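# Observations on chain architecture
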Amino acid sequence: MGTNVDVRSDERRTLLRIEIRSARRILKKLDTPISLGIYLRLKYAHKDPLLWDEIAKAEISDKWYSCASRFADDYLAVSLLRKSPNLPTSFDREAVTLQAFFDAEEHCRKTNTRLHEDAQKGELPEWFPRFRARFQHLVGPLNRSVIDKVWTECKFGSGSTVRHASKASGGITKSGALRGTVTLTRELLLFAGKLLNVKADVPYEFEVVPGEEWFSVLKDATKNRGCAKQPSLNVFLQQGVAAPMRDRLKSFGFDIRDQSWNQLLARKAYQLGLATIDLIMASDLICYELVRLAAHPRWFHLWNLCRAKSCRIPLDNDEWVDVNLERFCSMGNAFTFPLETAIFAAVLQTFVPKEEWTLIAAYGDDLIAPDQYYDDIVAALDYLGFKVNQIKSFRGGNFFESCGSDFFRGQNVRPFFLRKSEDSGAPYELQIANALRRYAHRRGILGQCDKRWRPVWEAIISHVHANWRHPVPPHFGDTGLIRSFSEYFFSEKRRKRDQWGWPVSYVPARPLACKVTDMYTVLTALAAMDVRMDPWDVGSEDFLSSPYEVEQSLLDIIKIPFKDTLRGHLGRPSIEKGHVSKWPAGWEWV
């Protein structure tokens, strides 16, 4: 155990050195009072550890600025290291996240009591029947066709469940070829065989568990994000329940697989007089009584059937305690996101007139509505038990943010963050260089890159190994060094287009290692690769595997020796050859 901790600590120190070196270059190039303050804190943090806390919590206000460019510079300065988990801050991220769980439970308990008493006394607000009607209309009826849809869409997700690290390593298939124990809550025990469609001659074993298991993942330098692993069979049914909810919401313009509408309205918010609303721990504050009072009884009973009603929490002495939940569902429950989207969309439609519904958006807890209805919406959300994040909610100012897009008077000022992607096998310096290039492109004009970032970019790529410096177009992701067409065309030798397109070299993430024992293992490995069929689409943000790579990777999987788990192991990088039919215009240093 100690050796593993030492290895992780050494890795974090190495990543921190890379981040400090890159951050100093970027902050020096920004050359503003704010960036100077961050730079000096970074320089002397080794003498005063509390300076790391100040770096992690640094903030600015859009009210200080009238120029988008100056705001973007300072916004980058305070955001650069905010999401780095490597900063040696004094915050106990795990303890902070666990305390937030108990705070949310206490808040839900009070909300449940208040809503129950108001309903019993007939003292619910006058707008609540309208909200309930809108919510039930957005979710739709639970008729035979919807139940059939639920049944056909039941599946195991790719994430961890109770007793299983992932779908790939858990060995559970929808067809019923079970490996290991299937966990479930007591309410589903009567339906287990029917749900899995298990054949009588296939051995299987069910384990009844009290509920979900709490865990946390890294979020930023000050706190983690709390999640909950669901029992395996509960996830199976939750996935099916979520599918018709997603389809129904999409038919009303709330597509929970597409953030573009929220991002468009955030860009137009300054011009159209909109407000963006963000909530604190929204999924953890969906209380039981709210869903019971708002939902149709048939939907409520279905949701209640497959949700976990208790959560196992870790204690300091390596023991666990089961907590009966006041919340209705948690992050980790497959139908939580469509459910919260339906709730918040119903709140917006309750207070915004129908003729202005083209100016509203709900994507989870990212909400947008006309500014004149902001107070009514916030008051309703507060009554329903939700907490508005006043720091990340914006109205009547210059800055608006929604779904990872930041705009100052309509101009894109989204910063980038120094945080290593665990999904990429690319060197950290390459990830930073490409992130800086994308940022320079956002800050440039007419699709070009802001040339003041070129010296910093060149300094960062000087630390990238030559095998990773081959030019790739922007939509190839971190499979190489993002370059403009002219940089690609004149690099090393003059490139020539052949019948297949422009030849490129790239370093794809190698297939995940496994020991092939049957076709199920091969199929789960391919599913984990997220293979898609249009790899050369210039509009795509990420490089997608080509059909050729699918075939080659299948052969590689069979040859790769056994490792502990299917997920989390990347092979050694090797340069592959490919073609791209189009190279995006722009991206020059101007």
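Notes on the structure follow. As the structure is a computational prediction, the values presented were derived from the model and not from experiment. (Residues numbered from 1 in each chain as written. Predicted model: local features only at pLDDT ≥ 70, side-chain atom pairs only at ≥ 80, totals over all residues. Heavy atoms only, no water.)

### Details of the overall build of the chain
What counts here: Segments assigned H or I by DSSP are reported as helices when at least four residues long, segments assigned E as strands when at least two residues long, and all are numbered from the N terminus. In this analysis, two residues are considered to be in contact whenever any of their non-hydrogen atoms come within 4.5 Å of each other. Method for areas: the Shrake-Rupley scheme with a 1.4 Å probe, in which residue coverage is limited to the protein chains shown.
Along its length, the chain carries 20 helices and 17 strands. Sequence separation of at least 24 residues holds for 73% of the intrachain contacts in the chain that already meet a minimum separation of 6. Just so you have it, the chain exposes about 28,600 Å², and 52% of that area is on carbon and sulfur atoms.

### Here's the deal with the layout of surface pockets
Short version of the rule: Using protein atoms alone on a 1 Å grid, points that fit a 1.4 Å probe yet trap it form a cavity, whereas open point sets bounded by protein on both sides within 12 Å along at least five of seven lines form a pocket; residues with an atom within 4 Å of a point count as lining. Grid points are joined across faces, edges and corners, and a volume is the space filled by probe spheres set on the points. Residue polarity is assigned by list, with Asp, Glu, Lys and Arg as charged and Ala, Val, Leu, Ile, Met, Phe, Trp, Tyr, Cys and Pro as nonpolar; anything else, Gly included, falls into the polar class.
Looking at the second largest pocket, its volume works out to about 370 Å³. Every residue lining the second largest pocket is counted, 15 residues in all, and those nearest its centre are Ile147, Trp151, Leu195, Leu237 and Leu302. Looking at the lining of the second largest pocket, the elements that each hand over two or more residues are α7 (144-153), α9 (192-196) and α13 (297-306). Here the element with the most residues in the lining of the second largest pocket is α7; it accounts for 5 residues. Of the residues assigned to the lining of the second largest pocket, the class counts are 11 nonpolar, no polar and 4 charged.

### Some words on the state of the cysteines
Using the following cut-off: Throughout, disulfides are identified as pairs of cysteine sulfur atoms within 2.5 Å of each other.
Applying the stated criterion to the full structure yields 0 disulfides. Left unpaired, Cys108 is separated from the closest cysteine sulfur, that of Cys287, by 5.6 Å. Cysteine Cys329 is unpaired, with the sulfur of Cys108 as its nearest cysteine sulfur at 9.6 Å.

### Here we look at the sheet that holds strand β11 (residues 399-402)
This is how it is decided: Any two strands with at least two DSSP-identified bridges between them are counted as paired. Every axis in this analysis is a line fitted to C-alpha atoms, fitted for helices over the stretch in contact. Angles between the N-to-C directions lie between 0 and 180 degrees.
Strands sit in the order β11-β12-β13 across an open sheet of 3 strands; the sheet is antiparallel. With partners counted over all chains shown, the strands left at the sheet margins are β11 and β13 (411-412), one partner each. Alignment of strand β12 (residues 405-408) against β13, held across 2 bridges, turns out to be antiparallel. Residue pairing for β13: Phe407 is matched across the bridge by Asn412. Each of β11, β12 and β13 touches helix α4 (residues 68-79); the most contacted strand, β12, lies at about 140° to it.

### A closer look at the pairing of strand β7 (residues 320-324)
Direction of pairing for strand β6 (residues 310-314) relative to β7: antiparallel, over a ladder of 5 bridges. Opposite Ile313, over in β7, you have Val321 as the bridge partner. Connecting β6 to the next strand, β7, in antiparallel fashion are 5 residues, including Asp318 with a positive phi near 65°.

### Structural notes on the side chain of Thr185
What counts, and what does not: Any pair of N or O atoms that falls within 3.5 Å is considered a polar contact. Within protein, one atom must be able to donate a hydrogen and the other to accept it, and sequence-neighbouring residues count only if both atoms are side-chain atoms.
On the secondary structure map, Thr185 appears in the loop between β1 (181-184) and α9. At 3.0 Å, the side chain of Thr185 forms a polar contact with the side chain of Asn234. Beyond its immediate stretch of four places on either side in the chain, Thr185 contacts Val208, Val209, Pro210, Gly211, Pro231, Asn234, Leu305 and Arg307.

### Structural notes on a negative patch on the surface
Put simply, the rule reads: Patches were defined on residues exceeding 30% relative accessible area and lacking a salt bridge, with like-charge contacts within 9 Å and nonpolar side-chain contacts (Val, Leu, Ile, Met, Phe, Trp, Tyr) within 5 Å. Definition used for salt bridges: Asp or Glu carboxyl oxygen within 4 Å of a side-chain nitrogen of Lys or Arg. Here Asp and Glu are counted as negative and Lys and Arg as positive; His is not counted, and neither are the chain ends. Each charge is placed at NZ for Lys, CZ for Arg, CG for Asp and CD for Glu.
Together, Asp92, Glu94, Asp316, Asp318 and Glu319 line one region of the surface with negative charge. Secondary-structure assignment places Asp316 in the loop between β6 and β7.

### Comments concerning the sheet that holds strand β3 (residues 212-218)
Here we have 4 strands laid out as an open sheet, ordered β4-β3-β6-β7, and mixed in their pairing. The open sheet has two free edges, formed respectively by β4 (224-229) and β7, since each of these has just one partner strand. Strand after strand, the sheet turns through a mean of 35° between neighbouring axes, direction not considered. With respect to the sheet, helix α5 (residues 93-121) is in contact with β3, β4, β6 and β7, its orientation differing from that of β3 by roughly 135°.

### Observations concerning the nonpolar core
Most often, soluble globular proteins keep nonpolar side chains buried together rather than apart. Rules: As used here, the term nonpolar core means buried Ala, Val, Leu, Ile, Met, Phe, Trp, Tyr and Cys residues forming a set that is joined through side-chain atoms within 4.5 Å. Working definition: with a 1.4 Å probe on protein chains only, accessible area under 20% of the residue-type maximum means buried, over 50% means exposed, and in between means partly exposed.
Counting 73 residues, the largest nonpolar core has Trp303 and Leu339 as its most contacted members. Sort the elements by how many residues they give to this core and helix α14 (residues 336-351) lands first, with 9 residues. Beyond its immediate chain neighbours, meaning those up to four positions away, Leu339 contacts Phe135, Met245, Ile286, Val291, Trp303, Phe328 and Cys329. Ranked by size, the runner-up nonpolar core spans 65 residues in total, among them Ile20, Tyr65, Phe71 and Leu76.

### Some remarks on empty space enclosed by the protein
Throughout the structure, instances matching the rule amount to 2 cavities of 30 Å³ or more. By volume, the second largest cavity amounts to about 30 Å³. In terms of lining, the second largest cavity is formed by Ile38, Ile55, Ala77, Val78, Leu80 and Leu81. Per-class residue counts for the lining of the second largest cavity are 6 nonpolar, no polar and no charged.

### A look at unusual backbone geometry
Trans is the common state for peptide bonds, and a negative phi is the common state for residues other than glycine. Here Asp31, not a glycine, exhibits a phi torsion of approximately 55°, which is positive. Within the secondary structure layout, Asp31 lies in the loop between α1 (2-30) and α2 (33-44). Of note in the backbone geometry, Met281 takes a positive phi value of approximately 50° without being a glycine. With respect to the secondary-structure elements, Met281 resides in the loop between β5 (274-280) and α12 (288-294). Overall, Met281 belongs to the partly exposed group, its relative accessible area being 32%.

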